[in-house]
Each structure stands twice: as structure tokens, then as C-alpha cells.
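One letter stands for each residue in the lines below.
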Amino acid sequence: MAQGLAVGVPGGGRRAMEAAVGWPEGRREALPLVHVVCAGVMMMNKYAAELLGTFWLVMGGCGTAILSGFGVGLLGISLAFGLSVLTM
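From a predicted model like this one, the values you see are computed outputs, not experimental measurements.

Moving on: the overall build of the protein. Scanning the protein for helices and strands turns up two helices and zero strands. Residue pairs in contact within the protein that sit at least 24 positions apart in sequence constitute 34% of those at least 6 positions apart. Roughly 6,200 Å² of accessible area belongs to the protein as shown, and the carbon and sulfur atoms make up 73% of that amount.

Here is the structure:
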């Protein structure tokens, strides 16, 4: 039933779904469609959080280094990276 329905789960198969939902490996019952959809949504939330965090770190830290690297110096760039991580 759940074969190939796992959107956003690597492999998309039954084992990937069991790993995403957190079920033990030996459980062999059919996965309800609700669990398949919820696992896909959980993975998309993780991907969105990773994308947002990477964007924030690159724009805050690397943006400071590129746009005003010599103006703020090494301490300013370090503070920009630190504050970017702190605000996450």
C-alpha cells in the first residue's frame, strides 16, 4: 500500500517509511496513508528548516565578508557569523 507514496523520503519504499515514522525494523503491517502523508510533511519541514538556516548563515556571515570585509575586519565578520548562528 505504501510503496512509492513517500514524498520527500529517500528511496520512497517501505523501509524508508518505517525509518521516517520511527517504527522498528521488524514491524510488517501495512502503513496507513495518514502515516505516509505525515512522514512526507515531516521531511519537507526538515528540508525547509535546513534551507532557511543555510540561507540565514550565508547571507549573514558570507554577505558581511563579501560586502564589507575590509571595513569591519576579521572581528566584525566573526561577530556576523556568531550572531547568525545565535539567532537560529
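After that view of the structure, there is still more to cover.
We now examine the side chain of serine 84. With respect to the element layout, serine 84 can be found in helix α2 (residues 33–87). Judged by relative accessible area, which is 6%, serine 84 ranks as buried. Within the local environment of serine 84, its side chain forms a polar contact with the backbone oxygen of alanine 80, the two atoms lying 2.8 Å apart. Serine 84 has contacts with Trp56, Leu57, Gly60 and Gly61, leaving out every residue within four places of it along the chain.

Looking now at the environment of threonine 64. Mapping threonine 64 onto the fold places it in helix α2. Residues threonine 64 and phenylalanine 81 lie 17 residues apart in sequence; the distance between their C-alpha atoms is 8.6 Å. For threonine 64, the contacting residues outside a window of four places in its chain are Met59, Gly69, Val72, Gly76, Ile77 and Ala80. Engagement of the side chain of threonine 64 in a polar contact is seen with the backbone oxygen of glycine 60, the distance being 2.7 Å.

On the surface, a nonpolar cluster with roughly 740 Å² of combined accessible area is contributed by Leu52, Phe55, Trp56, Val58, Met59, Val85 and Met88. You can see methionine 88 is positioned in the segment after α2.

The rules behind each value
- Residues numbered from 1 in each chain as written.
- Predicted model: local features only at pLDDT ≥ 70, side-chain atom pairs only at ≥ 80, totals over all residues.
- Heavy atoms only, no water.
- Helix = DSSP H or I, 4+ residues; strand = E, 2+ residues; numbered from the N terminus.
- Contact = heavy atoms within 4.5 Å.
- Areas by Shrake-Rupley, 256 points an atom, 1.4 Å probe, with all protein chains shown as cover.
- Buried < 20%, exposed > 50% of the residue type's maximum accessible area, 1.4 Å probe, protein only.
- Polar contact = N/O pair within 3.5 Å; in protein donor to acceptor, adjacent residues only side chain to side chain.
- Patch = residues over 30% accessible without salt bridge, like charges linked within 9 Å, V, L, I, M, F, W, Y side chains within 5 Å.
- Salt bridge = Lys/Arg side-chain N within 4 Å of Asp/Glu carboxyl O.

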